[in-house]
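# Structural features, examined
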Amino acid sequence: MPIPRLTELLDAVLRLIEKASGPIAGVETVTAGRNSAIAARVRTADRTLFVKGLPLDHPWVWTQKREADVGPYVRDIAPELHWHVEEDGWSLLGFEHIAGGHADFTPGSPDLPAVMASMGRLADVPAPDVELKTMPHRLRTYVDDPADLSWFTGNSLLHTEWNPHNVLMTDRGALFVDWGWASTGAAWIDPALWLLWLIAQGHTPGQAESEAAAHPAWQDAPPAGLDALARVQHRLWDSIAGESTDDWARPMQHAAQAWAEYRTAKP
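Scope of this entry: the structure provided in the associated data block.

## What about the overall build of the protein chain?
The number of helices and strands found in the protein chain is eight helices and eleven strands. Since a compact globule built from 267 residues should have a radius of gyration of about 18 Å, the 19 Å found for the protein chain is in line with a globular shape. Here the C-alpha coordinates of the protein chain stretch approximately 65 × 35 × 35 Å along the principal axes. Within the protein chain, contacts between residues separated by at least 24 positions form 68% of all contacts whose residues are at least 6 apart in sequence. About 12,300 Å² of surface is accessible on the protein chain, with carbon and sulfur atoms providing 50% of the total. Of note, the protein chain has its 21 positive side-chain charges centred 1 Å away from the centre of its 35 negative side-chain charges.

Next up, the structure:
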């Protein structure tokens, strides 16, 4: 469900930003992304911020709080969160601005090892004591057999949203943004979800699994659990592609189908 993006910040929003960070010297709205009504680079006297936000009455406003709650635990692999305000009808997050391009997930990309290195660092982060959705809960409507959900249980902190626009390549390595759908589950789920985006960007399923196998938790991934997740992702992306007109939905649907067929064909 794409969210309409404001091309100019409202006066109420500008006042909230100035209340949190001081006088504004310049604003440049950002068009990339789909989960925020507000996305902008904001210059103040002493820093540049990336500000994102949603109206307080939006059904996804809980993702703003999720990002604020998770932020302190992922400082090494994500832009630093400076503030979170909920006032005057808006929920706003103010992050350090990161100069860096989006990750390249195509075969042979030099970004892939850096992405995996940061993903490995994420695997070392204990799940924080904050409210998070669980992967069995998130995937419950896409299984034929509810027993399959047991494969997805775990206490690892997962990012789960591996669109390359959520990975910034910087001089600090790969940094992950957009933590609104952070969840808990088995540690191998993140690289398994990542490989779908690799397939959509040109990898074969076998190549994508080889890249995912560099993750420290991949060796613990039960084959039956991977099979179950592949079936679930196939159904999930069929559903998304059936409802979405976004240009990335159909390639992801094809990637999920390819991975499910690959898992089915494996001895």
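## Observations regarding the packing of aromatic side chains
Inspection of every chain in the model, using the stated rule, returns eight aromatic pairs. With 6.2 Å between their ring centres and 90 degrees between their planes, Trp197 and Trp237 make a pair best called edge-to-face. A residue pair is termed long-range when its members are at least 10 positions apart, and Trp197 in helix α5 (residues 189–200) and Trp237 in helix α7 (residues 223–243) qualify at 40 residues. You'll find Trp197 and Trp237 in the same group, each marked buried. Considering the side-chain rings of Trp197 and Trp248, the 6.5 Å spacing of their centres and the 40 degrees angle between planes classify their relative orientation as tilted. Of the two residues, Trp197 is situated in helix α5 and Trp248 in the loop between α7 and α8 (249–265); the sequence distance between them amounts to 51 residues. What makes Trp197 buried here is its relative accessible area of 10%. Taken together, the ring pairs connect Trp60, Trp62 and Trp181 into an aromatic cluster. If you follow Lys133 out to its NZ or CZ, it ends over the ring of Trp62, 4.9 Å from the centre.

## What to know about the pairing of strand β10 (residues 173–176)
Here strand β9 (residues 167–170) pairs with β10 via four bridges, running antiparallel. Each bridged residue has a counterpart across the sheet, and for Met169 the counterpart in β10 is Ala174. Connecting the antiparallel pair β9 and β10 is a turn made up of two residues.

## Some words on the pattern of salt bridges
Between side chains of opposite charge, pairing is possible as soon as their charged atoms come close. Inspection of the entire model under this criterion finds eleven salt bridges. A salt bridge links Glu161 to Arg138; the shortest N-O distance between them is 3.6 Å. With a gap of 23 residues between them, Glu161 in the loop between β8 (156–158) and β9 and Arg138 in helix α4 (residues 135–138) connect regions that are remote in the sequence. For Glu161, a relative accessible area of 27% corresponds to the partly exposed category. Counted as one network, the salt bridges with shared partners bring together Lys52, Glu67 and Asp178.

## Things to note about the sheet that holds strand β4 (residues 81–87)
Spatial ordering of the open sheet is given by β1-β2-β3-β5-β4, a layout of five strands whose pairing is antiparallel. Among the strands making up the open sheet, the edge pair consists of β1 (24–29) and β4. The sheet shows a mean angle of 25 degrees between the axes of neighbouring strands, direction not considered. Of the strand pairs in this sheet, strand β2 (residues 38–44) and strand β3 (residues 48–55) are connected by six bridges, and their pairing is antiparallel. Pairing of Arg43 across the sheet is with Thr48, part of β3.

## Here we look at the environment of Phe176
Locating Phe176 in the fold gives a position in strand β10. For Phe176, a relative accessible area of 0% translates into the label buried. Measuring from C-alpha to C-alpha, the distance between Phe176 and Trp162 comes to 8.8 Å, with 14 residues separating the pair along the chain. Every residue in contact with Phe176, bar those within four places of it in the chain, is listed here: Ile77, Ala78, Pro79, Val115, Ser118, Met119, His159, Trp162, Asn166 and Val167.

Analysis parameters
- Residues numbered from 1 in each chain as written.
- Predicted model: local features only at pLDDT ≥ 70, side-chain atom pairs only at ≥ 80, totals over all residues.
- Heavy atoms only, no water.
- Helix = DSSP H or I, 4+ residues; strand = E, 2+ residues; numbered from the N terminus.
- Rg over C-alpha atoms; globule rule 2.2 N^0.38 Å.
- Contact = heavy atoms within 4.5 Å.
- Areas by Shrake-Rupley, 256 points an atom, 1.4 Å probe, with all protein chains shown as cover.
- Lys, Arg positive; Asp, Glu negative; His and termini not counted.
- Charge placed at Lys NZ, Arg CZ, Asp CG, Glu CD.
- Phe/Tyr/Trp six-rings, centres within 6.5 Å; stacked < 30°, edge-to-face > 60°.
- Buried < 20%, exposed > 50% of the residue type's maximum accessible area, 1.4 Å probe, protein only.
- Lys NZ or Arg CZ within 6 Å of the ring centre and 35° of its normal.
- Pairing = 2+ DSSP bridges.
- Salt bridge = Lys/Arg side-chain N within 4 Å of Asp/Glu carboxyl O.
- Axes fitted to C-alpha atoms, helices over the stretch in contact; angles between N-to-C directions.

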